Amino acid sequence: MSSTSSPRGRADDEAPPTTSDTTRDRPLGRPLVVLEHVDKHFGDLHVLKDIQLTVHEGEVVVVIGPSGSGKSTLCRVINRLETIDSGTITVDGHALPEEGKGLAQLRAEVGMVFQSFNLFAHMTILDNVTLGPIKVRGLKKAAAEKKSRALLDRVGVGAQAAKYPAQLSGGQQQRVAIARSLAMDPKVMLFDEPTSALDPEMINEVLDVMIRLARSGMTMVVVTHEMGFARRAGDRVVFMADGEIVEQNTPDEFFTNAQSHRAQDFLGKILTR
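The text that follows walks through the structure, step by step, so that each part is easy to find. (Residues numbered from 1 in each chain as written. Predicted model: local features only at pLDDT ≥ 70, side-chain atom pairs only at ≥ 80, totals over all residues. Heavy atoms only, no water.)

## Observations regarding the sheet that holds strand E3 (residues 60–64)
Consideration 1: Taken in spatial order, the six strands make up an open sheet running E6-E7-E8-E3-E9-E10, and their pairing is mixed. Because the sheet does not close on itself, it has two edges, and the strands there are strand E6 (110–113) and strand E10 (244–249). Averaged over all adjacent pairs, the angle separating strand axes in this sheet is 20 degrees, with direction ignored.
Consideration 2: Here four bridges tie E3 to strand E8 (residues 219–223), and the two strands are oriented parallel to one another. Bridging from a neighbouring strand, Val-60 pairs with Met-220 of E8.
Consideration 3: On top of the sheet, helix H2 (residues 100–109) reaches E6 and strand E7 (188–192); it is set at about 65 degrees to E6, its chief contact. (Pairing = 2+ DSSP bridges. Helix = DSSP H or I, 4+ residues; strand = E, 2+ residues; numbered from the N terminus. Axes fitted to C-alpha atoms, helices over the stretch in contact; angles between N-to-C directions. Contact = heavy atoms within 4.5 Å.)

Here it is, written out as structure tokens:
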């Protein structure tokens with residue numbers, strides 16, 4: 001495993017985030033997500049190899065790497081959308097439950113935003129967002145709707161509450177998906193390439209919401225190809241290749257002084273496109 005340094009953090013002011021103004025001058029929070037010696041196979045394919053990763057409360061970890069490196073699988077095992085073959089994963093000190101109410105509770109605590117929006121087409125935007133808090137958290141309808149409207153406003157689609165998903169653009173639908181996850185009051189948010197299904201002009205509107213969310217202190221694990229987001233909002237960049245964490249560092253150090261030949265090669269290709 002390659003060079004690793006301490007993650008950095010974000011400022012609390014409201015200035016637009018840049019590479020230079022996001023340095024954390026306070027200690028990281030407690031370990032919130034911990035993966036120890038995690039292995040995962042799909043048949044003969046070894047997709048995660050001895051993964052060791054700790055995500056601290058309030059930290060934004062951006063996972064990058066070439067296609068097929070295991071990034072999305074890493075994201076999916078954290079809330080047990082994929083099982084692991086060996087090793088341990090804990091969220092807020094608790095091992096991942098295998099099934100039943102414990103697993104439902106875990107998925108309430110660990111929000112996830114996918115490449116596709118996964119909204120219920122037959123339900124209004126407001127109903128999509130209130131469903132989880134009512135069914136899983138036990139919130140009364142009026143309270144869930146008040147909270148959901150505030151979250152839709154927060155992500156910039158409050159005016160679309162009465163519409164159906166098909167009436168919204170892809171960028172708007174993805175922002176609704178973010179609001180839906182936030183409505184569950186998660187301890188950590190996972191993003192699996194949330195902009196990959198969007199048209200280019202819609203990407204920034206979703207990234208802007210994610211940057212504001214990161215700067216609000218939300219713990220986030222973000223699998224993405226958006227290097228600008230990694231630079232602006234990440235506390236730590238984790239570079240994966242061939243199922244392994246090859247290197248991890250602050251964005252400044254990773255993008256200007258990558259240590260491994262594999263990361264240097266990747267950056268040489270992706271940053272010159």
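## Observations concerning the side chain of Ser-260
Consideration 1: The residue Ser-260 is located in the loop between helix H8 (251–257) and helix H9 (261–270) in this model.
Consideration 2: With a relative accessible area of 11%, Ser-260 lands in the buried category.
Consideration 3: Side-chain polar atoms of Ser-260 contact the backbone nitrogen of Ala-263, separated by 3.1 Å. (Buried < 20%, exposed > 50% of the residue type's maximum accessible area, 1.4 Å probe, protein only. Polar contact = N/O pair within 3.5 Å; in protein donor to acceptor, adjacent residues only side chain to side chain.)

## Observations regarding the side chain of Arg-175
Consideration 1: Following the sequence through the fold, Arg-175 ends up in helix H5 (residues 170–182).
Consideration 2: Exposure remark for Arg-175: the relative accessible area of 11% places this residue in the buried category.
Consideration 3: Residues within four places of Arg-175 in sequence aside, it is in contact with Val-155, Gly-156, Val-157, Glu-205, Val-206 and Val-209.

## Focus: the packing of aromatic side chains
Consideration 1: All told, the structure shown has three aromatic pairs when counted by the stated rule.
Consideration 2: Relative to Phe-255, the ring of Phe-254 has its centre 5.3 Å away and its plane inclined at 80 degrees; by these criteria the two rings are edge-to-face. For the pair Phe-254 and Phe-255, a shared accessibility class is recorded, and that class is buried.
Consideration 3: An aromatic cluster is defined as three or more aromatic residues linked by ring pairs; in this entry it consists of Phe-239, Phe-254, Phe-255 and Phe-266. (Phe/Tyr/Trp six-rings, centres within 6.5 Å; stacked < 30°, edge-to-face > 60°.)

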